[in-house]
Amino acid sequence: MSDVTISSAIDRIKQDVEENDVVLFMKGTPNFPQCGFSGQVAKILGFLEVPYKGVNVLEDPELRESVKQYANWPTIPQLYIKGEFVGGCDIIREMFQSGELMDQFKAAGVSIKDPRQS
């Protein structure tokens, strides 16, 4: 992998994160996750009815490696809210269960369906 390829992948990551309120770098797509961890986070976002961009890292090996460098986080999936890295599957699941994830979306001005208000 050349430095040019990595920097162009980093530029694409940066652009996705800056141009979308919520981005999930995942294995597979929101409708067809190709790993259980990506599927869990996609299911949580779907349950909350969060509009988000899913980026399939399996389509591009440079992107798959660069996203790990970008966040300094070794695993995928990775969730970003308003440009801020939030975490991977375990963190997102824990935040969802505690209510912290819904609070973070609201604080960021992202529209969600909050199950606590049903």
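These lines cover the structure that appears in this document, whether it is placed above or below. (Residues numbered from 1 in each chain as written. Predicted model: local features only at pLDDT ≥ 70, side-chain atom pairs only at ≥ 80, totals over all residues. Heavy atoms only, no water.)

Before going further, it helps to spend a moment on the sheet that holds strand S3 (residues 78–81). Read from one edge to the other, the open sheet built from four strands follows the order S2-S1-S3-S4, with strand pairing classed as mixed. The open sheet has two free edges, formed respectively by strand S2 (53–56) and strand S4 (84–87), since each of these has just one partner strand. Averaged over all pairs of adjacent strands, the angle between strand axes in this sheet comes to 25°, irrespective of strand direction. One ladder, built from four bridges, connects strand S1 (residues 22–26) with S2; its direction is parallel. Paired with Val23 across the strands is Lys53, a residue of S2. Across the face of the sheet, helix H3 (residues 61–71) comes into contact with S1, S2, S3 and S4 while running at roughly 55° to S3. (Pairing = 2+ DSSP bridges. Helix = DSSP H or I, 4+ residues; strand = E, 2+ residues; numbered from the N terminus. Axes fitted to C-alpha atoms, helices over the stretch in contact; angles between N-to-C directions. Contact = heavy atoms within 4.5 Å.)

All right, on to helix H2 (residues 36–47) then. Along its twelve residues, H2 runs 16 Å from first to last C-alpha, staying within 8% of the 16 Å computed at 1.5 Å per residue. The complete set of buried residues in H2 reads Ser38, Gly39, Val41, Ala42, Ile44 and Leu45. In this fold, the buried residues of H2 make contact with S1, S3, helix H4 (89–98) and helix H5 (100–107). Once H2 finishes, Glu49 follows within two positions and takes phi at roughly 55°, a positive value. (Expected span 1.5 Å × (residues − 1). Buried < 20%, exposed > 50% of the residue type's maximum accessible area, 1.4 Å probe, protein only.)

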